[in-house]
Amino acid sequence: MEGRESCHPLLRGGRKREKGYSHGLSTTQMHVMASICDTLFPSLPPLTSLDKKNSQDQPLSAFYNTSASQVPFPDEAAELLFKRGVPEALSLVSWVLWMLSFRLGTLLLCGSLCLDWKWPFIHKFSEISLENREEILRKWSREKSWVPLRVVFVLIKLVFFYTFFSRTDVNGHNPVWKAIGYQVDTREKLILKERPLQKGLIETMYETDSALIQSFTEKGLEVTEDKRQNLYKVKCDVVIVGSGCGGGVAAAVLAKSGQKVIVLEKGEYFVPHDYSSLEGPSMNELYESGGIMPSLDGKMMILAGSTVGGGSAINWSACIRTPDSVLREWSSKYKIPLFASSDYQSAMDSVCRRIGVTEKCKKESFQNQILRQGCEKIGLKVESVAINSSADHYCGSCCYGCRTGDKKGTDSTWLVDAVGNGAVILTGCKAEKFILEDGEGGMKKKKCLGVIAAATWRSEVTKKIQIESKVTISACGSLSTPPLMISSGLKNPNIGRNLHLHPVQFAWGYFPEDMTNFSGTNYEGGIITSIHKVFAEDSTPRIIVEAPALGPGSFSALVPWLSGHDMKDRMMKYARTANLFALIRDQGSGEVKAEGRVTYRLDQADKENLRVGLRKALRILVAAGAVEVGTYRSDGQRIKCRGIKEEDLEEFLDTVTIVGGPRSRNELWTVFTTAHQMTSCRMGATEEEGALDETGESWEAKGLYVCDGSVLPSAVGVNPMVTIQSTAYCIASKIAESLSKEKQSKA
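In short, a report on the structure.

Quick notes on the rules
- For every chain, the first residue of its written sequence is number 1, and the numbers climb from 1 along that sequence.
- For this predicted model, a pLDDT threshold of at least 70 governs which residues receive local features, and a threshold of 80 or more governs which side-chain atom pairs are given and counted, while totals over whole chains, interfaces and linings are taken from all residues.
- To obtain the side-chain values, all non-hydrogen atoms of the structure were included, while hydrogens and water were left out.
- In this text, helices come from DSSP runs of H or I with a minimum length of four residues, and strands from runs of E with a minimum of two, each type numbered from the N-terminal end.
- What a helix is expected to span follows from its residue count: subtract one and scale by 1.5 Å.
- Relative accessibility decides the category of a residue: with a 1.4 Å probe and only protein chains considered, values under 20% of the type maximum give buried, values over 50% give exposed, and everything between is partly exposed.
- Residues are said to line a cavity or pocket when one of their atoms sits within 4 Å of a point; the points come from a 1 Å grid over protein atoms alone, cavities being sets where a 1.4 Å probe fits but cannot get out and pockets being open sets with protein on both sides within 12 Å along at least five of seven lines.
- Grid points are joined across faces, edges and corners, and a volume is the space filled by probe spheres set on the points.
- Charged residues are taken to be Asp, Glu, Lys and Arg, nonpolar residues to be Ala, Val, Leu, Ile, Met, Phe, Trp, Tyr, Cys and Pro, and polar residues to be all remaining types, Gly included.
- Pairs of N or O atoms are called polar contacts if they sit within 3.5 Å, as long as, within protein, a hydrogen donor faces a hydrogen acceptor (for residues adjacent in sequence, only side-chain-to-side-chain pairs).
- Contact definition: two residues touch when any of their heavy atoms are within 4.5 Å.
- Lines fitted to C-alpha atoms define the axes here, with helix axes fitted over just the stretch in contact, and angles between the N-to-C directions of these axes take values from 0 to 180 degrees.
- Orientation labels follow simple angle bins: below 35 degrees gives roughly parallel, above 145 gives roughly antiparallel, 65 to 115 gives roughly perpendicular, and whatever is left gives oblique.
- For any pair of crossing helices, the crossing counts as left-handed if the nearer helix is rotated counterclockwise from the farther one by less than a right angle, and right-handed if it is rotated clockwise.

## A closer look at helix α13 (residues 245–256)
At step 1: For α13, spanning 12 residues, the distance from its first C-alpha to its last is 17 Å, which sits close to the expected 16 Å at 1.5 Å a residue.
At step 2: Taken across its 12 residues, α13 has 11 buried, putting it largely inside the fold.
At step 3: Those residues of α13 that fall on the buried side of the exposure criterion are Cys245, Gly246, Gly247, Gly248, Val249, Ala250, Ala251, Ala252, Val253, Leu254 and Ala255.
At step 4: Phi turns positive, to about 100°, at glycine 258, one or two residues after α13.

## Points about empty space enclosed by the protein
At step 1: One pass over the structure, following the stated rule, counts 3 cavities of 30 Å³ or more.
At step 2: Roughly 150 Å³ of volume is contained in the largest cavity.
At step 3: Every residue lining the largest cavity is counted, 17 residues in all, and those nearest its centre are Lys157, Ala557, Leu558, Trp669 and Val671.
At step 4: Only α10 (147–166) and α21 (552–558) provide two or more residues apiece to the lining of the largest cavity.
At step 5: Partitioning the lining of the largest cavity into residue classes produces 12 nonpolar, 3 polar and 2 charged.
At step 6: One number sums up the size of the second largest cavity: a volume of about 90 Å³.
At step 7: Lining of the second largest cavity is provided by Trp316, Ser317, Cys361, Lys363, Ile387, Ser389, His393, Cys395, Gly526, Ile527, Ile528 and Thr529.
At step 8: For the lining of the second largest cavity, the per-class residue count stands at 6 nonpolar, 5 polar and 1 charged.

## Considering the side chain of arginine 585
At step 1: Structurally, arginine 585 is set in the loop between β16 (577–584) and β17 (590–594).
At step 2: Residue classification places arginine 585 among the buried residues on the basis of a relative accessible area of 6%.
At step 3: One polar contact links arginine 585 to glutamate 329, side chain to side chain, over a distance of 2.9 Å.
At step 4: Within the structure, the side chain of arginine 585 is placed 3.1 Å from the side chain of serine 714, a separation counted as a polar contact.
At step 5: With residues up to four places along the chain from it excluded, the contact list for arginine 585 reads Val326, Glu329, Trp330, His502, Thr540, Pro541, Arg542, Asp606, Ser714, Ala715, Val716 and Gly717.

## As for the packing of helix α5 (residues 58–65) against helix α22 (residues 564–572)
Geometrically, a packed helix pair is captured by the angle between its two axes and the distance between the axes.
At step 1: Running from amino to carboxyl end, α5 crosses α22 at an angle of 150°, the nearest separation of the two axes being 10 Å. In terms of their interaxial angle, α5 and α22 are classed as roughly antiparallel. Classified by chirality, the crossing of α22 by α5 is right-handed. Facing Leu60, Phe63, Tyr64 and Asn65 of α5, the residues of α22 in contact are Lys568, Asp569, Met571 and Met572.

## Some details on the environment of isoleucine 213
At step 1: Mapping isoleucine 213 onto the fold places it in helix α12 (residues 209–218).
At step 2: Residue isoleucine 213 is classed as partly exposed on the basis of its relative accessible area, which comes to 25%.
At step 3: Spatially, the C-alpha atoms of isoleucine 213 and glutamate 608 are 57 Å apart, while their sequence positions differ by 395 residues.
At step 4: Excluding anything up to four places from it in sequence, isoleucine 213 contacts Val223, Glu225 and Tyr232.

Right, here's the structure in full:
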C-alpha cells in the first residue's frame, strides 16, 4: 500500500469519524434516505443474481449482498448532496424526505403503492416492500406532471452511486472494486528532489497573518499592512488570477519580459508524488465543486479544473491545433485579425514545443483500440490525436493528476518558466473583486488597479490581500471570469453570455474478455489517442467521437437506474464496458453571471448533431464486436448485438433520440456532460459584439485583460487546450510589448 500512504493527505481519502456529519437532516429524514438508498442498491441473494460458478467468488457474493442502507453510505451520500447541491434543490430534497416519513405524506408522493389491506393500511416509505419501492422510484424517474419528484430521484441516485463507488478507507481501498474489476493505478511515481515551483510558491494553507507578510518579503515583493482596512497591500507589475492554460502561459511570457508577476490560484499545489489516483478525493480536490457541478436545471454536468495548473493538470492530454476553418471564421465573421495572423500560427508552434507534444502514442488503450477498429471496419476515417506526453505514456489516471510526471501541464512547464523569472504563485487564495476607479476621460470609463483576494478556508490568514498592479489579468476560466468581472462592477452585457460547452453524449458497448479480441480495461492506457471527425459544409468541425475517462463513481452516477438487480449487473461489467462520446461544436449557448449558476440551452441543430454523433458512436461499438450496446438515456436504452442483422440495428438506431434533461416534461430524459467551457467573455470588434477588444482588454476598464477560454469568439469544435494556450500567448506577448514601450517612454 506504499502508493496510498505516500500521497498528499488531501488526496488520500478516508473519513475521520469523530468529525460527524454536517448535512443537517434529522434522524427520521435519514431513515427515509437509507430506505431510498436501499431501494437503489439492495442486498440481493447471491444465487438469484449469480450462476453457481460465480457464487463461489467471495468479492462478487459480498457485492450482491451489500445494501446501500448500511452505515455510513446514506450519511455520506447526504453529506455530498448538501455540500455540492444548489440551495433550491436541497430544500426540495429535505422536504420530500420529511414528507415520506409520514403515512399521509407517503400516500401523497407515492400513491397506491404504499397501501395495504391490513392496519394501518398506509405504509410510510421505509415500511413499503422493496418491490413496491423500486416501482415508486421508476415512476418518479418517468414523472412528467410533477417533475420535482424526478429531480429528487436524480439527485439522490447521483450522489449515492458516486459516493459508494468512489469512497475509500484511509488505506485507499474500496471493497466493491474487486467485484467490478477495478484497480487503482499503482505505477511508480516520479519523485522529485524539489518541487518545481517551490522557489516562487506561497501556500496560504501553511501561513498565518504574521508569517504571510514575511513570505511576501522573502519573495522580493513590496508589502505593507493597512490595519484600518485589515488587509495587506502588495505591489507588482502584473497580477494574474488563475494558473491554468491561460494564466500559466501569460505568467511565463510576462515574467520572461522582466515584469514582476503574481499568480493567484484558489486551488492547491500538487506534484506527481502527491497524487493518489483515487477518484473520490482527487475529484474533490482537483476539480471545480469537487467534480459535481450541474447547470441550474441539472441538464449539464460540468467538469473544470481547480488546482495549480487548472484544467491542464487533470485534462485528457489531447493537443489539437485550432482548425484553419475555425480561424478563418473568427477572423472574418467575428472580425478578429489575430486569428488570421502569422503571430497566432507561431504561437501554436511555441505552445506545442513547450508542452512537449507527441504526434502518436506507441500503444493504444482498450477504448481507443475499439474506436479505431470500429471506424476502420465501417469505413470511417480515424486519426491519431497528438498528446502532451511521451509516446509510451500509457496512463488512464491523468484525470486525477499525472503520477509519472510525463504529462506536461502548465504546472510543470509554463509556471516553472515563470517562477524561474521571479514570478510568485499564491495558492489557496481566491480573488474577490478587481479594484476599479473612474478613468481620466478617454475611451474607457474605468481603470483597473489590481485585485482584492482572500485566503480560502484551510488557511489561518484572516486579512484580505490587496494586490496593486499595472496590469491585471483574469485567467480563472469561462465559469469564474464573468462572475468576478460582474461582481467588480463591470456592465458590458456580453460578460457571462454566449457560454459554449461542447456538450457530450455517451454511448457504451460491453466487450466480455472471453468473447472479444481486445485486452485491458476501460480505465487503463492513454485516455484520448484516436478521433473520428465529422465536418460541416464550411469544413469546420461539426461532431467528434472520442473515448473518455470514467472512474467507477462517475460511471455509476451516469448509468440509468432500472432496478437494484440491473444496476448491480451493470456495475459488474464496468471494467469491460467501453465508452465513446459524441461531442459537438455547439451553436446554442448559455450564461454564467454568478458563481456556480450556469444556464444552458441546446438549439435544434445541436440536438440533431448529437443524435448523428451518438448513432455513429453506437455503430462503431457494434462494428468493433460489442455483444451489447446502449445509451445513457433514462430508460436504459440498449440492444444485444452479437450477430445482429443490419435492419435490426437500423431499427434500434432509429429510436436513438436526444431528449431533454431531468427537468424536461418528457417521460425520457438524460444528463449531458461537458469538460470544455468557452466564450463567456468573448473578444469582439466592438463593445456591442464582445466584452473584450482584440488585445483581450476589457472595453470598460483600462489595464484589465482576460487570458482564458472565455475570450474565444465561438466554440472551437475540438479539444481546446492548444487554442487557449496559443491565444493567451498572443495576448500576453502584446501586453509585454505594451509595458516595455511604456517603460521606455518614461525612461
